[in-house]
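Structure at a glance
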Amino acid sequence: MVVVLERVKTTVSVIKADIGSIAGHVVVHPDTIAAATRVLAEAKAKGILVDFYVTNAGDDLELIMTHRRGVDSPEIHEVAWNAFREAARVAKELGLYAAGQDLLSEAFSGNVRGLGPGVAEMEFYERPSEPIAVFMADKTEPGAFNLPMFRVFADPFNTSGLVIDPKLHHGFKFEIYDVFESRSVTMNAPEEIYDILALIGTPGRYIVRRVYRRLDDEIAAVVSVERLSLIAGRYVGKDDPVAVVRVQAGFPAMGEVLEAFAFPHLVAGWMRGSHHGPLMPVPQRYAKCTRFDGPPRLVGLGFQVKNSRLIGPVDLFDDPAFDETRRLAQVIADYLRRHGPFMPHRLGPEEMEYTTLPEVLEKLKGRFQKVEGAVKAAEPRVKSELLSTKPEE
Ligand code: 13P
Ligand code: 13P
Ligand code: MG
Ligand code: MG
């Protein structure tokens, strides 16, 4: 008997939202996780999802789902939306803080993008063994992944596979998304690394959204790009991001991917989404942002994907090898905190425009008096709209 196996593509969809939390922006309530789990279990029983894992990173509810419906599937997005709605309903009943925070709309219209939740999805033919890493951050923004993604896929001092492994040696393609103009540009590493860095060094605007292997255009990584304040026009909560990365066998090894997080780089977020702080990789039990609502946390879960099922997870940063990273993050946190309300601990003016600071400043407008004979500052000689960190008026 000849068995013809049809190769089917698996989709991994990680969709998250802050639907409310206990005692401030600290941690989700188990009943909200249970509510979301019920909705996803029903979708699994109906065959919409193949598998799922519901979890949290601090106050963010995270739906890790596998299925065969491709990215941006209306059915999958509706399931996620219903799970968040149910969880938010429970959050309201319990009087949780900021219940329904990230659900910016009442009505669902086929896709959760633009409604508040963060989305990272990728579709691929499974390799015989398909290990992946799912990253979930709290108290920061999508651009927080720019530096580590660059290091994983373009820096041989991080990823020795770029030098050693023939499949990685051709380099990777970076799709960079401009959140202000809703447009993207694709650039090749290693040839264009300086141009890539000229953009992604502004993480509040340019976000590494997808990474592809140059050898065969296989998807390697995807990052959520939703920025809540840009959708709502005001500060709602930070745009705590998620990412999915394929690892091993033709992709960077799990250890090469995790290595990029051994340096606790500075990211925007922390208290009131208005401060820079170090991104601290932690085991899931420590994804509770308490000190000054932070410092920003990163959780990593490893899975094997087999026939669209999720095998795992393993708590990737539950390793004493990251203790020194965390210790350095604490030292940096202490150092930054001593700046109090001063930049660069506090974010710059463009980002603060989305907070409540403008209301305070408006009151001061009338207090200024012209200083006669003083020189007015000159405009910069060369201006580029690509450098702006706020949307065009
Ligand atoms: P093992 O020999 O333990 O399979 O590890 C191989 C490897 O490439 C680790 O990065
Ligand atoms: P979240 O974005 O995690 O809800 O945090 C909001 C905040 O203002 C923390 O101080
Ligand atoms: Mg919150
Ligand atoms: Mg959060």
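Residues numbered from 1 in each chain as written. Chains lettered and ligands numbered in written order. Predicted model: local features only at pLDDT ≥ 70, side-chain atom pairs only at ≥ 80, totals over all residues.

**Regarding the overall build of the protein chain**
- For the protein chain, the count of helices and strands is ten helices and 15 strands.
- Projected onto its principal axes, the C-alpha positions of the protein chain cover 95 × 55 × 40 Å.
- Sorting the 393 residues of the protein chain into buried and exposed places 46% on the buried side.
- When contacts within the protein chain are restricted to residue pairs at least 6 apart in sequence, long-range pairs at least 24 apart make up 70% of them. (Helix = DSSP H or I, 4+ residues; strand = E, 2+ residues; numbered from the N terminus. Buried ≥ 20, exposed ≤ 12 C-beta atoms within 10 Å, placed from the backbone. Contact = placed C-beta atoms within 7 Å.)

**A closer look at the sheet that holds strand β4 (residues 118-125)**
- Taken in spatial order, the four strands make up an open sheet running β2-β3-β1-β4, and their pairing is antiparallel. At either margin of the open sheet sits one strand with a lone partner, and together these are β2 (51-57) and β4. Averaged over all pairs of adjacent strands, the angle between their axes in this sheet comes to 15°, without regard to strand direction.
- Two strands pair when backbone bridges link them, and strand β1 (residues 9-17) and β4 are joined in this way by eight bridges, in the antiparallel orientation. Considered in β4, the bridge of Val 14 is made with Ala 120.
- Helix α1 (residues 30-45) contacts β2 and β3 (60-67) of the sheet and is inclined by roughly 165° relative to β2.
- Across the sheet, helix α2 (residues 74-93) touches β1 and β3, and the angle it forms with β3 is around 150°. (Pairing = 2+ DSSP bridges. Axes fitted to C-alpha atoms, helices over the stretch in contact; angles between N-to-C directions.)

**What about the nonpolar core?**
- Ranked by size, the top nonpolar core spans 97 residues in total, and within it Leu 40 and Val 244 carry the most contacts.
- With nine residues, the single largest contributor to this core is α2.
- The contacts of Leu 40, once residues within four sequence positions are left out, are Leu 49, Phe 52, Val 54, Leu 63, Met 65, Val 79 and Ala 83. (Core = buried A, V, L, I, M, F, W, Y, C linked by C-beta atoms within 7 Å.)

**Looking at unusual backbone geometry**
- Here the residue pair Ala 189 and Pro 190 is connected by a cis peptide bond, since its omega of 10° sits within 30 degrees of zero.
- In this model, Gly 294 is joined to Pro 295 through a cis peptide bond whose omega is -15°.
- Structurally, Pro 295 is set in the loop between β13 (280-281) and β14 (297-306).
- Phi at Lys 139 takes a positive value of approximately 65°, unusual for a residue other than glycine.
- Considering the arrangement of structural elements, one finds Lys 139 in the loop between β5 (131-138) and α3 (146-154).
- Even without being a glycine, Gln 248 presents a positive backbone phi close to 65°.
- Along the polypeptide, Gln 248 turns up in the loop between β10 (242-246) and α7 (254-259).

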